[in-house]
Amino acid sequence: MISKAVLTGALALALLAPASASAQQPPQNTNGSSGGVGVGAYGRMTAQQESWRFESEEMRRRNAMTPEEAEAEYGAERVQLAERVQALVNEGKCREARAMANEAGERQMALRVRQTCRSR
């Protein structure tokens, strides 16, 4: 049986579309900044930013798929591939994880591996 924590990590790498990630980004200010804290207010968030943060975290928890739902939607083979790729990433074997995803024809999964490993 697949643990929910492992599946969530694997799904984050493999199954989320770029459009869904951009839909959860906070709104940008009109002056071109990313909506972060202003000068002189380091470490402080506005009430709107704090509210968005907690709402988006709650939404991610609510929308987490069960292993059965993921297999029904994406197929058992893709979920198993995502688990194997996630295991390699967790071991720090990012090149091998990207190669495995590319060999399987999962371009989006390989991109997620690259993005995840770059931030470590």
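Our subject in this report is the structure included herewith. (Residues numbered from 1 in each chain as written. Predicted model: local features only at pLDDT ≥ 70, side-chain atom pairs only at ≥ 80, totals over all residues. Heavy atoms only, no water.)

This paragraph deals with the overall build of the protein chain. Counting secondary structure elements, the protein chain contains seven helices and zero strands. Taking all 120 residues of the protein chain together, 25% fall into the buried category. Across the protein chain, contacts joining residues at least 24 apart in sequence account for 64% of those joining residues at least 6 apart. For the protein chain, the exposed area adds up to about 8400 Å²; of that, 51% sits on carbon and sulfur atoms. (Helix = DSSP H or I, 4+ residues; strand = E, 2+ residues; numbered from the N terminus. Buried < 20%, exposed > 50% of the residue type's maximum accessible area, 1.4 Å probe, protein only. Contact = heavy atoms within 4.5 Å. Areas by Shrake-Rupley, 256 points an atom, 1.4 Å probe, with all protein chains shown as cover.)

Here we take up the state of the cysteines. Counted under the stated rule, the structure contains one disulfide. Two residues share a disulfide in this structure: Cys 94 and Cys 117, whose sulfurs sit 2.0 Å from each other. Sign of the S-S torsion, about -90° for the bond between Cys 94 and Cys 117, identifies this disulfide as left-handed. Linking Cys 94 in helix H6 (residues 94-103) with Cys 117 in helix H7 (residues 107-118), this pair joins segments that are 23 residues apart in sequence. (Disulfide = S-S within 2.5 Å.)

Right, let's talk about the side chain of Glu 106 for a bit. Its place among the elements puts Glu 106 in the loop between H6 and H7. The residues contacting Glu 106, other than those within four sequence positions of it, are Arg 78, Leu 81 and Ala 101.

Turning to the environment of Val 79, a few remarks are in order. In this fold, Val 79 is placed in helix H5 (residues 76-90). Sequence-wise, Val 79 and Pro 67 are 12 residues apart; in three dimensions their C-alpha atoms are separated by 8.5 Å.

What follows is about the packing of H6 against H7. Axis separation between H6 and H7 bottoms out at 8 Å; the angle between their running directions is 165°. Taken as axis vectors, H6 and H7 run roughly antiparallel relative to one another. Considering how the two elements wind past one another, H6 and H7 form a crossing that is left-handed. Contact residues: H6 offers Cys 94, Ala 97, Arg 98, Ala 101 and Asn 102, while H7 offers Met 109, Ala 110, Val 113, Arg 114 and Cys 117. Within the contact of H6 with H7, the residues separate by chemical class into seven nonpolar, one polar and two charged. (Axes fitted to C-alpha atoms, helices over the stretch in contact; angles between N-to-C directions. Parallel < 35°, antiparallel > 145°, perpendicular 65-115°, else oblique. Left-handed = near helix turned anticlockwise from the far one by under 90°. Nonpolar A, V, L, I, M, F, W, Y, C, P; charged D, E, K, R; others polar.)

It is worth spelling out the pattern of salt bridges at this point. Scanning the entire structure with this criterion turns up two salt bridges. Glu 106 is the partner of Arg 78 in a salt bridge, and the nearest nitrogen-oxygen pair spans 3.2 Å. Residue Arg 78 is found in helix H5, and its partner Glu 106 is found in the loop between H6 and H7; the two are separated by 28 residues along the sequence. A relative accessible area of 18% means that Glu 106 is categorised as buried. (Salt bridge = Lys/Arg side-chain N within 4 Å of Asp/Glu carboxyl O.)

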